[in-house]
Amino acid sequence: MTPPPAPLPTAASADAGAWRIENLGPCTVPSPVPATMFVPDDDAVLLDPSVSPSSPNSSHVAVEKAGPRKNLFFKPAEAVAAVVTCGGLCPALNDVVRAIVNTLTFRYGVPRILGFRYGFEGIFSKNTVELTPSYVRDIHRFGGTILGTSRGPQPIGALVDNLVELGVSVLFTIGGDGTQRGAVAIANEIRSRNLPISVVGVPKTIDNDIAYVERTFGFETAVQLAQDAIQAVHEEARSARNGIGIVKLMGRESGFIALHAALASGDVNLLLLPETKFTFDAVVNAVVERFKTRAHCVIVVSEGAGQELCQAASLGTDASGNKKFADIGVHLKDILGARLSALKIEHTIKYIDPSYTIRSAPPVASDAIFALQLGQMAAHAAMAGKTAMIVGMIHGYIVHAPMARAVESRKKVDTRGQDFQSFLDASGMALSLE
Ligand code: ATP
Ligand code: MG
């Protein structure tokens, strides 16, 4: 007789506790937002909706849906908001800033919104700009961040002192893993002082590598704009005898941009990701094999791929303590060229690194919509006194997740997963270098 199925773990189970969103206190202020827009706190989305016989309902933990709440923690007319952008550039940063400013102003009537200039450094130096709807009116048409950005550590206690001095009630942190780690530290300091200041993050990672979050803003723009570079090296490569085109794309720890750009292009023969282990010998062999049937080859490589082949350990770190990476694209070009020459195989190599062109561009339409909605949802969450949380997308829903969970690990390309296998299927050269 088959045993009865195990009971489903529910959102009330121990694991769910780790997904609970912290709140500054009871919400007693009626929201001015139209009632039809309200989302109750117990509306939730399953973290893992998959069901398989080997792991029946393994993770029926649910995360809170984002949206305007019926009651607020802050009285909007007395609130002061502040926005900071940190880390590297990413398309749609300005769209997020604009959405936060417009939502707080027009939906809630928040009278004062500060922008901190040049990242956390601007909180330390109290370098601010007054953000108003007229100030942000056109900023979404441009890439970059109107607030400026920076790297490098700041003393957390002094940052919180300055937030108190400026009367800030809600702080929005738009940035990558480092920024959200900094935001966790700020939120912890705020908690230890028992202050009524909420910290809400909008994760910015063009690499789309935030754990549990399906998609981050800027990613689709990156995939789209990478097409120009891939198309250019493809044309160069196939116009030459034994032409090789190499494009290096962003992706320090995770190769999602390279994988998706390769899938969309249809012209990529060889894909080198941080998740795929390879040797230069294997790459040379693959190119030589390819030349037996086709006189050109297109290679896409993620910036974090093959670092162990480049003696990256000696490069040190940036101001924020992030490991500096060796330029795998240039290494690949040089080594491939030298090895093919040694084999007396005539060839030409064209190399493009479009990273800065992509990072600094305004967003494509889908990212513009997404950034707008993330900014709106961040504003709604903050007014309800939610704190130490980020907004992110899971299964098509924008949800709230504790900041600490989102930065505890990175999302990686699953080389056995659908997308990577789809690339191998579509590439014609079913080459796995693992
Ligand atoms: P990206 O990597 O996408 O460019 P990021 O947000 O990770 O973005 P970083 O330069 O690593 O960029 O970090 C942004 C800011 O956060 C920096 O000022 C950095 O000093 C600060 N920061 C990073 N980690 C921490 C931490 N653990 N505690 C406090 N501050 C931190
Ligand atoms: Mg980072």
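Residues numbered from 1 in each chain as written. Chains lettered and ligands numbered in written order. Predicted model: local features only at pLDDT ≥ 70, side-chain atom pairs only at ≥ 80, totals over all residues. Heavy atoms only, no water.

As recorded in an unreviewed UniProt entry, the protein goes by Phosphofructokinase domain-containing protein and comes from Polyrhizophydium stewartii. In its Catalytic activity (unreviewed entry) section, UniProt records this for the protein: "beta-D-fructose 6-phosphate + ATP = beta-D-fructose 1,6-bisphosphate + ADP + H(+)". Word for word, the UniProt comment on the protein under Cofactor (unreviewed entry) is "Mg(2+)". (UniProt positions renumbered as here; feature names shortened; annotations may be inferred.)

## With respect to the environment of I394
In this structure, I394 sits in strand β16 (residues 389–394). Taking C-alpha positions, I394 is 7.7 Å from V45, a pair spaced 349 residues apart along the chain. If we skip the residues at most four places from it in the chain, I394 touches V45, L46, L47, V63, Y212, E214 and V399. (Helix = DSSP H or I, 4+ residues; strand = E, 2+ residues; numbered from the N terminus. Contact = heavy atoms within 4.5 Å.)

## A short note on the pattern of salt bridges
Counted according to the given criterion, the structure contains 22 salt bridges. A salt bridge links D41 to K386, with the nearest nitrogen and oxygen atoms 2.8 Å apart. Residue D41 is located in the loop between β2 (29–30) and β3 (44–46), and its partner K386 is located in strand β15 (residues 386–387); the two are separated by 345 residues in the primary sequence. According to the relative accessible area criterion, K386 is buried, its value standing at 2%. One salt-bridge network, held together by shared partners, links D41, E64, R69 and K386. (Salt bridge = Lys/Arg side-chain N within 4 Å of Asp/Glu carboxyl O. Buried < 20%, exposed > 50% of the residue type's maximum accessible area, 1.4 Å probe, protein only.)

## A closer look at the nonpolar core
Counting residues in each nonpolar core, the largest one holds 71 residues, and the members touching the most others are F172 and F217. Broken down by element, the residue count for this core peaks at 9 residues, all from helix α12 (residues 365–383). Mapped onto the domain boundaries, this core takes at least three residues apiece from domain 1 (16–216 + 363–406) and domain 2 (219–359). Core analysis: the next-biggest nonpolar cluster, separate from the first, contains 34 residues, A82, L163, V184 and A406 among them. (Core = buried A, V, L, I, M, F, W, Y, C linked by side-chain atoms within 4.5 Å. Domains from an automatic or database assignment.)

## Some thoughts on the packing of helix α9 (residues 280–293) against helix α10 (residues 328–342)
Taken N-terminus to C-terminus, the directions of α9 and α10 make an angle of 60°; their axes are 10 Å apart at the nearest point. With respect to α10, the element α9 is oriented oblique. α10 is crossed by α9, and the crossing has right-handed handedness. Where α9 abuts α10, its residues F280, D281, V283, V284, V287, V288 and F291 lie against I328, H331, L332, I335, L336, R339 and L340. (Axes fitted to C-alpha atoms, helices over the stretch in contact; angles between N-to-C directions. Parallel < 35°, antiparallel > 145°, perpendicular 65-115°, else oblique. Left-handed = near helix turned anticlockwise from the far one by under 90°.)

## Quick notes on the site of ligand 1
The local shell around ligand 1 holds 17 residues, among which G152, D177, T179, K204 and S320 are the closest. Take D177: an N or O atom from its side chain is 2.6 Å from an oxygen atom of ligand 1. Within the complex, the protein chains bury 80% of what would otherwise be the 630 Å² of accessible surface of ligand 1. Top contributing element to the shell around ligand 1 by residue count: helix α6 (residues 177–192), with 5 residues. The class makeup of the residues in the shell around ligand 1 is 3 nonpolar, 10 polar and 4 charged. (Near = heavy atom within 4 Å. Polar contact = N/O pair within 3.5 Å; in protein donor to acceptor, adjacent residues only side chain to side chain. Areas by Shrake-Rupley, 256 points an atom, 1.4 Å probe, with all protein chains shown as cover. Nonpolar A, V, L, I, M, F, W, Y, C, P; charged D, E, K, R; others polar.)

## Focus on the domain arrangement of the protein
Examined at the domain level, the protein breaks down into domain 1 (16–216 + 363–406) and domain 2 (219–359). Using C-alpha coordinates to define each centre, domain 1 is positioned 35 Å away from domain 2. Listed by partner, the interface residues are 17 residues for domain 1 and 17 residues for domain 2. In terms of surface lost to domain 2, no three residues of domain 1 exceed R151, I206 and D207, which account for 38% of the buried area on that side. Across the domain 1-domain 2 interface, the total number found is 2 salt bridges. Close ionic contact of E220 with R215 constitutes a salt bridge, the shortest N to O distance being 3.5 Å. Among the residues forming the side of domain 1 that touches domain 2, the class breakdown is 7 nonpolar, 5 polar and 5 charged. (Buried area = accessible area lost by both parts, 1.4 Å probe.)

## With respect to the side chain of H380
Relative to the elements of secondary structure, H380 occurs in helix α12. In this structure the side chain of H380 is engaged in a polar contact, spanning 2.6 Å, whose partner is the side chain of Y108. Contacts of H380, omitting those with residues within four sequence positions, involve V33, G67, P68, T103 and Y108.

## Examining the sheet that holds strand β13 (residues 296–302)
Read from one edge to the other, the open sheet built from 4 strands follows the order β12-β13-β11-β14, with strand pairing classed as parallel. Only two strands of the sheet have a single partner each, and these edge strands are β12 (270–272) and β14 (348–352). The sheet shows a mean angle of 15° between the axes of neighbouring strands, taken without regard to direction. Note: strand β11 (residues 243–249) against β13, 7 bridges, orientation parallel. Across the sheet, residue G245 finds its bridge partner in β13, namely V298. Helix-sheet contacts for α10 involve β11, β12, β13 and β14, and the interaxial angle to β11 is about 160°. (Pairing = 2+ DSSP bridges.)

## Examining the packing of aromatic side chains
One pass over the full model with this rule turns up 1 aromatic pair. Ring centres of F73 and F74 lie 4.9 Å apart, and the angle between their planes is 90°; this geometry places the pair in the edge-to-face category. Under the relative-accessibility criterion, F74 is labelled buried at 7%. Taking the ring centre of Y118 as reference, the NZ or CZ of R117 above it sits at 4.6 Å. One residue, R215, lies across the ring of F370, its end atom 4.2 Å from the ring centre. (Phe/Tyr/Trp six-rings, centres within 6.5 Å; stacked < 30°, edge-to-face > 60°. Lys NZ or Arg CZ within 6 Å of the ring centre and 35° of its normal.)

## As for the packing of helix α8 (residues 256–265) against helix α14 (residues 418–426)
The N-to-C vectors of α8 and α14 enclose an angle of 40°; their axes lie 10 Å apart at closest approach. One finds that α8 runs oblique with respect to α14. Of the two elements, α8 crosses α14, and the hand of that crossing is left-handed. Contacts from L259, H260, A262 and L263 in α8 reach D419, F420, S422 and F423 in α14.

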